[in-house]
Amino acid sequence: WNLSGVPVLPGINVIEVRFMGENDQVVRSQKVEVWYDDGSVAAVSGTLPVDDTVWAPASGPYRITGTVTVPVGGTLQILPGTTLYFAQDASLLINGRLLAEGTEASRIRMTREPGTLTTWSGVRLNNSTQDNRLTYADLAFASANDAVRIDNSQLLIDHVTWTDTTSTIIDMSN
C-alpha cells in the first residue's frame, strides 16, 4: 500500500484512519501505528559527549545497541516524534540530564527492535538532580528490569504509557 500525501518520518508513526459514512460523517476512527524504515537507522551505544546531544525524528530512528550513558554535565534531548529501538538488555543511563518531551500529537516511542521478541532494560537516572523530563512518551517491552529506575534523582513524568512490561514500572530510591 502507499502513504501518498501523508507525511511520515523514519520510525513509528501514528496515523488516524477515519471510516466515513453519508455526508462525510465520521462513523468510526482508529489510530494505527505505521513503521517507516528508510534504511537510515542510527546505531548508538556508549557514553555521549559532555554537552547537549539532540535526537530528532528526521535523524533517526535510533537503535540502542547497549547502555547509552549521559554523563554528568551532559544533556540528552529527545525531540517529539523520535523513535528509539532497544536491543536486548540495552538501556539509557542518565547521570546528567534527560529532556524527552513529546507532544500529544507527536509522542516519543521507546520499544524493542522491530521483528524481535526481546526486552530492554529501561531508563535509569543515577544521582541526577537536574530538571529531568519524560513527557508524552510510550515505552513498550521494557521488561528486562524496571522500566524506569530513579536513584537519588528527580524526574517529571507526564502523559507516559507503558505496554507489554511485566516487571515494576517505576522504582525510586533515595
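Residues numbered from 1 in each chain as written. Predicted model: local features only at pLDDT ≥ 70, side-chain atom pairs only at ≥ 80, totals over all residues. Heavy atoms only, no water.

Undergrad: Even after reading the chapter, I still don't get a nonpolar patch on the surface, so can you show me in this structure?
TA: Together, Val17, Phe19, Val27 and Val32 make up a nonpolar patch on the protein surface, roughly 310 Å² of accessible area in all. Of all the elements in the fold, those that place two or more residues in the nonpolar patch are β1 (11–20) and β2 (26–36). As for its position among the elements, Val17 is in strand β1. (Patch = residues over 30% accessible without salt bridge, like charges linked within 9 Å, V, L, I, M, F, W, Y side chains within 5 Å. Areas by Shrake-Rupley, 256 points an atom, 1.4 Å probe, with all protein chains shown as cover. Salt bridge = Lys/Arg side-chain N within 4 Å of Asp/Glu carboxyl O. Helix = DSSP H or I, 4+ residues; strand = E, 2+ residues; numbered from the N terminus.)

Undergrad: Would you mind showing me how to read the packing of aromatic side chains here?
TA: Aromatic ring pairs are described here by two measures, namely the spacing of the ring centres and the angle between the planes. For the structure shown, the criterion picks out two aromatic pairs. For the ring pair Trp55 and Tyr62, a centre distance of 4.9 Å and an interplane angle of 15° mean the geometry is stacked. Given a relative accessible area of 4%, Trp55 falls into the buried group. Taking the centre distance of 3.8 Å and the plane angle of 10° together, the rings of Phe86 and Trp120 count as stacked. Residue Phe86 is found in strand β7 (residues 83–86), and its partner Trp120 is found in the loop between β10 (108–112) and β11 (123–126); the two are separated by 34 residues along the sequence. Of the residues examined, Phe86 reaches a relative accessible area of 0% and is grouped as buried. It is Arg112 that lies over the ring of Phe141; its NZ or CZ is 3.4 Å from the centre. (Phe/Tyr/Trp six-rings, centres within 6.5 Å; stacked < 30°, edge-to-face > 60°. Buried < 20%, exposed > 50% of the residue type's maximum accessible area, 1.4 Å probe, protein only. Lys NZ or Arg CZ within 6 Å of the ring centre and 35° of its normal.)

Undergrad: Teacher, can you tell me more about the pairing of β2 here?
TA: Across a regular strand the side chains alternate sides, sitting on one face of the sheet and then on the other. The pairing of β1 with β2 spans 10 bridges and is antiparallel. Bridge pairing in β2 places Gly11 opposite Tyr36. Between β1 and β2, which pair antiparallel one after the other, the connecting turn spans five residues, and Asn23 there sits at a positive phi close to 55°. (Pairing = 2+ DSSP bridges.)

Undergrad: Would you mind going over the pattern of salt bridges with me for this structure?
TA: Oppositely charged side chains are able to pair whenever their charged atoms sit close together. Across all of its chains, the model carries nine salt bridges by this definition. With its nearest N and O atoms 2.5 Å apart, the salt bridge here joins Arg149 to Asp171. A residue pair is termed long-range when its members are at least 10 positions apart, and Arg149 in strand β13 (residues 148–151) and Asp171 in strand β15 (residues 170–173) qualify at 22 residues. Look at the salt bridges and you will find they share partners, linking Arg97, Glu101, Asp131 and Arg133 into a network.

Undergrad: Would you mind going over the layout of surface pockets with me for this structure?
TA: Empty space left among the atoms is revealed by rolling a probe the size of a water molecule over them. If you add up the space inside the largest pocket, you get close to 350 Å³. What lines the largest pocket is a set of 15 residues, among which Asn13, Val14, Ala105, Ser106 and Arg107 lie closest to the centre. Examining the composition of the lining of the largest pocket, we find that five residues originate from one element, β1, more than from any other. A breakdown of the residues in the lining of the largest pocket according to their chemical character gives seven nonpolar, three polar and five charged. In this model, the second largest pocket occupies a volume close to 290 Å³. If you go around the second largest pocket, you meet 18 residues; those closest to its centre are Ile12, Glu33, Thr111, Ala140 and Phe141. Every element with two or more residues in the lining of the second largest pocket is listed here: β2, β10, β12 (132–140) and β14 (155–163). The element best represented in the lining of the second largest pocket is β10, accounting for four residues. A per-class count over the lining of the second largest pocket returns eight nonpolar, five polar and five charged. (1 Å grid on protein atoms, 1.4 Å probe; cavity = no way out; pocket = protein on both sides within 12 Å on 5 of 7 lines; lining within 4 Å. Points joined across faces, edges and corners; volume = space filled by probe spheres on them. Nonpolar A, V, L, I, M, F, W, Y, C, P; charged D, E, K, R; others polar.)

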